[in-house]
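# An overview of the molecular structure
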Amino acid sequence: MRMRRLGRASRGHIQRGGVIAYPTESCFGLGCDPLHPQGLKAILRLKGRPQRKGMIVVAASLDQVRPLLRPLSQADEARLMQYWPGPYTFLLPAACRVLPLLRGKHPTLAVRVTAHPATLALCRSLGPLVSTSANRSGKPSIRDARNCRRQFGTGVQVIPGRVGRARKPSTIIDFASGRILRG
């Protein structure tokens, strides 16, 4: 019930280009609608992050992010499902509609299908979300709601919850080559 109320309030906030902070597998994440330029710009500004890097999109299922990707073969989808849901982010071919604010200088989009209960519930309620660590670029990741509020103030709607047990962020893998970019 509580998550539904948060979901309705957060949905309107995100639809207006707002940013939320929410618990993920390893830390709090900053999120917004991955197709909303205002939300993407706000995250880049809050983090002091260069746009060229790109950001991760987290989802409850592959179906949620399918519109953001170029079509995948059945074999590729089966390969992804060996890792998902879980702490693996894959660089996949981005659809034309994906803004450079989201994918950075890359032709790919970083995507993860989460197994973290709170993130999963948010994505089921709100749809796919940007998922970048809640911190200023180069600073340690934040692991609790109180410090998110302290760091970002009222400009970010903080969703309370527990961070998962992972001590490091998701593994990032280039799907085409299989190369691990962050382990």
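Our subject in this report is the structure included herewith.

### Quick word on helix H7 (residues 145–152)
Within the sequence span of H7, burial applies to Ala145, Cys148 and Phe152. Each buried residue of H7 sits inside an arc of 55 degrees when the element is viewed along its axis, so together they form one side. Of the residues in H7, the exposed ones pointing more than 90 degrees away from the buried face are Arg146 and Arg150. Looking at the buried side of H7, the elements it contacts are strand S1 (19–23), strand S2 (28–31), helix H2 (37–47) and strand S8 (156–158). For H7, the side-chain oxygen to backbone nitrogen distance between the N-cap and arginine 146 is 3.2 Å, and the N-cap itself is aspartate 144. With its phi angle positive at about 65 degrees, glycine 153 sits one or two positions after the end of H7.

### Focus on the sheet that holds strand S3 (residues 56–59)
Taken together, six strands build an open sheet; the order of strands is S6-S3-S5-S4-S9-S10 and the sheet is mixed. Looking at which strands have only one partner, the edges of the open sheet turn out to be strand S6 (129–130) and strand S10 (180–182). Sheet analysis places S3 next to S6, joined by two bridges and oriented antiparallel. Directly across from valine 57, in S6, lies its bridge partner valine 130.

The rules we used
Residues numbered from 1 in each chain as written. Predicted model: local features only at pLDDT ≥ 70, side-chain atom pairs only at ≥ 80, totals over all residues. Heavy atoms only, no water. Buried < 20%, exposed > 50% of the residue type's maximum accessible area, 1.4 Å probe, protein only. Helix = DSSP H or I, 4+ residues; strand = E, 2+ residues; numbered from the N terminus. Arc of directions from axis to C-beta. Contact = heavy atoms within 4.5 Å. Polar contact = N/O pair within 3.5 Å; in protein donor to acceptor, adjacent residues only side chain to side chain. Pairing = 2+ DSSP bridges.

Structural measurements only, silent on function.
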